[in-house]
Amino acid sequence: MEANIVILPGDGVGVDIMHEAVAVLDQLADRCGHRFTLVKRLIGGAAIDAVGQPLPSNTLASCRAADAILLGAVGGPKWDDPDASVRPEQGLLQLRQALGLFANLRPVKPHPALYDASPIRPERLAGVDLMVVRELTGGLYFGRKLEMADTAEDVCRYSRAEIERVVRQAASLARRRRRRLTLVDKANVLATSRLWRKVTQSLIAREFPDVELDILLVDAAAMHLLSRPSDFDVLVTENLFGDILTDEAAMLTGSLGLLPSASLGDAGPGLYEPIHGSAPDLAGQDCANPFAMLLSLAMMLDHSLGLVDEARLLESAVDRCIESGQTTVDVGGRLGTRAAGAAVRAELDRQLDQRYGRGQPAALSA
Ligand code: IPM
Ligand code: MG
């Protein structure tokens, strides 16, 4: 197949891990006969340095024209001045909003070989397989902001339509999984949460009577994610709660460096990125974990390009590396970023050989 993919390495370790993702794309193109056109563009701090803004217009234009977008990470201390007029994170937020990427899917499935890397006891991790669907283009992130000398304000606003479209996505996902949906809100305090609750309850009753709906307050959800994580199937929540809960949930898998994400809208290209940040202290040192990036690439192959076989093979190549201890130090291994990426490519080659014959360009999902 042919696909037009925009590559946004961004800042910090984003650059290191993107290198490994591009190598896997080259490998898949070579072995499976696909034609991927990769267009590399600037975003975040790198873009501020080059052109003075975090989302240059040619980056946005290329993204709009793409079949899918792969992003590393943005941000770093260099651009952290609270008085700065532009910030790297604005690039990512503007991109999510401009492309209408309202649903952010963050799957969390700890690998048994890494139970020891998690601060949570192994018996609690057994059977954990959950998906957080985070609303990505509304709420506090995008409400009106006011910054004065001694007061500041962030408005949290949600409309029925914004809630319905993301809850519908989450419920459809639940339908293909264990049919359980948990709404996480703070309806005992927040007006927006009370709207989320009303809209979600009536939408599920109307359109998804076969999906079981639970509701949890966000503080309780933070606790239950650690005390009984295997009870969850799909969680749906507003932007900020989703941001916080997914960093927490990442620790179930043992490392922030393992969690991928897909940001999807109603139409147009999806954006795929690891949930972790730019980790400036690790940048350029060949030590960042590339697996969250590679698993994000697998989500891209699956959701945006329809390359389901390739996606599953890449996921299982990462799994095999985890099982055989071919990992970076954050999850107990000894490999650097490049060696861990190479290990995944070697596993992927082996799997392609097994399924389609040695060294043959396979006509996978063509
Ligand atoms: C994430 C990140 C971003 C967010 C930052 C970099 C703006 O933490 O994708 O989770 O808060 O959405
Ligand atoms: Mg975050």
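About the criteria used
- Residues numbered from 1 in each chain as written.
- Chains lettered and ligands numbered in written order.
- Predicted model: local features only at pLDDT ≥ 70, side-chain atom pairs only at ≥ 80, totals over all residues.
- Heavy atoms only, no water.
- Helix = DSSP H or I, 4+ residues; strand = E, 2+ residues; numbered from the N terminus.
- Rg over C-alpha atoms; globule rule 2.2 N^0.38 Å.
- Buried < 20%, exposed > 50% of the residue type's maximum accessible area, 1.4 Å probe, protein only.
- Contact = heavy atoms within 4.5 Å.
- Areas by Shrake-Rupley, 256 points an atom, 1.4 Å probe, with all protein chains shown as cover.
- Near = heavy atom within 4 Å.
- Polar contact = N/O pair within 3.5 Å; in protein donor to acceptor, adjacent residues only side chain to side chain.
- Nonpolar A, V, L, I, M, F, W, Y, C, P; charged D, E, K, R; others polar.
- Pairing = 2+ DSSP bridges.
- Right-handed = clockwise from strand over helix to strand, strands pointing away.
- Phe/Tyr/Trp six-rings, centres within 6.5 Å; stacked < 30°, edge-to-face > 60°.
- Lys NZ or Arg CZ within 6 Å of the ring centre and 35° of its normal.
- Domains from an automatic or database assignment.
- Buried area = accessible area lost by both parts, 1.4 Å probe.
- Salt bridge = Lys/Arg side-chain N within 4 Å of Asp/Glu carboxyl O.
- Disulfide = S-S within 2.5 Å.
- Axes fitted to C-alpha atoms, helices over the stretch in contact; angles between N-to-C directions.
- Parallel < 35°, antiparallel > 145°, perpendicular 65-115°, else oblique.
- Left-handed = near helix turned anticlockwise from the far one by under 90°.

**Side note on the overall build of the chain**
- Counting its regular elements, the chain contains twelve helices and twelve strands.
- For 366 residues, the compact-globule estimate of 2.2 N^0.38 gives 21 Å, and the chain sits close to it at 20 Å.
- With the principal axes as the frame, the chain shows a C-alpha extent of 60 × 50 × 40 Å.
- Relative to its 366 residues, the chain shows a buried fraction of 52%.
- Partitioning the intrachain contacts of the chain with sequence separation of at least 6 by distance along the chain shows that 76% fall at a separation of at least 24.
- As presented, the chain carries roughly 15,400 Å² of accessible surface, and 51% of it is formed by carbon and sulfur atoms.

**Things to note about the site of ligand 1**
- Residues in close proximity to ligand 1 include Glu89, Arg96, Arg106, Arg134, Tyr141 and Asp243, which together make up its full environment.
- The contact in question runs from an oxygen atom of ligand 1 to an N or O atom on the side chain of Tyr141, over 2.6 Å.
- When its residues are assigned to classes, the shell around ligand 1 shows one nonpolar, no polar and five charged.

**Notes on the pairing of strand E1 (residues 2-10)**
- Counting buried positions along E1 yields seven of nine residues, so the element is predominantly enclosed.
- Bridge count for E1 against strand E2 (residues 35-40) is six bridges, and the pairing is parallel. Paired with Ile5 across the two strands is Leu38, which belongs to E2.
- In this fold, the crossover linking E1 to E2 by way of helix H1 (residues 13-32) has right-handed handedness.
- Of the strand pairs in this sheet, E1 and strand E3 (residues 68-73) are connected by five bridges, and their pairing is parallel.

**Some thoughts on the side chain of His276**
- Tracing the backbone shows His276 in the loop between strand E12 (270-272) and helix H10 (291-303).
- For His276, the residues in contact, after removing those within four places along its chain, are Val13, Ile17, Ala73, Leu256, Gly257, Asn289 and Ala292.

**Focus: the environment of Val86**
- Considering the arrangement of structural elements, one finds Val86 in the loop between E3 and helix H4 (88-98).
- Sequence separation of Val86 and Pro54 is 32 residues, and the distance between their C-alpha atoms is 7.1 Å.
- Look past the residues within four positions of Val86 in its chain and what remains in contact with it is Ile48, Gly52 and Pro54.

**A closer look at the packing of aromatic side chains**
- For the structure on display, the rule yields one aromatic pair.
- Each ring, one from Tyr158 and one from Trp196, has its centre 5.2 Å from the other, and the planes form 85°; the classification is edge-to-face. One end of the pair, Tyr158, is in the loop between strand E7 (152-154) and helix H6 (160-175); the other, Trp196, is in helix H7 (residues 191-207), with 38 residues separating them in the sequence.
- Here the basic side chain of Arg134 rests over the ring of Tyr141, its NZ or CZ set 5.2 Å away from the ring centre.

**Structural notes on the environment of Leu101**
- Along the chain, Leu101 turns up in the loop between H4 and strand E4 (103-108).
- The class for Leu101 is buried, based on a relative accessible area of 0%.
- In sequence terms Leu101 and Arg87 are 14 residues apart; their C-alpha atoms lie 20 Å from each other.
- If near-sequence neighbours (up to four positions away) are discounted, Leu101 is found in contact with Leu95, Arg96, Leu136, Thr137, Ser263, Leu264, Gly265, Pro269, Gly270 and Leu271.

**Observations concerning the domain arrangement of the chain**
- Assigned domains within the chain: domain 1 (1-101 + 256-366) and domain 2 (119-253).
- Computed over C-alpha atoms only, the centres of domain 1 and domain 2 are separated by 25 Å.
- Between domain 1 and domain 2, the residue contacts involve eleven residues of the former and eleven residues of the latter.
- Surface buried jointly by domain 1 and domain 2 totals about 1,100 Å² across both partners, of which 66% is contributed by carbon and sulfur atoms.
- Counting across the domain 1 and domain 2 interface gives zero salt bridges.
- Inspection of the domain 1/domain 2 interface yields zero residue pairs in polar contact (both at pLDDT 80 or more).
- Counting residues per element, the ones that place at least two in the side of domain 1 that touches domain 2 are H4 and strand E11 (262-264).

**Concerning the pairing of E4**
- Within E4, five of the six residues are buried, which leaves it mostly tucked inside the rest of the structure.
- Examined bridge by bridge, E4 and strand E5 (residues 130-135) share six bridges and lie antiparallel to one another. Bridging across to E5, Val108 finds its partner in Leu130.

**Considerations on the state of the cysteines**
- Under the defined criterion, the tally for this structure stands at zero disulfides.
- Cysteine Cys287 is unpaired, with the sulfur of Cys321 as its nearest cysteine sulfur at 18 Å.
- With a relative accessible area of 23%, Cys287 lands in the partly exposed category.
- Not engaged in a disulfide, the cysteine Cys321 finds its nearest cysteine sulfur in Cys32; these two sulfurs lie 17 Å apart.

**Focus: the packing of H1 against helix H12 (residues 337-356)**
- One way to put it is that H1 packs onto H12 with a least axis distance of 10 Å and a crossing angle of 20°. Between H1 and H12, the angle falls in the class roughly parallel. Considering how the two elements wind past one another, H1 and H12 form a crossing that is right-handed. Residues Asp16, Ile17, His19, Glu20, Ala23, Val24, Gln27, Leu28, Arg31 and Cys32 of H1 form the contact with H12, whose own contacting residues are Thr337, Arg338, Gly341, Ala342, Arg345, Leu348, Asp349, Leu352 and Asp353.
- A class-by-class count of the residues in the contact of H1 with H12 yields eight nonpolar, four polar and seven charged.

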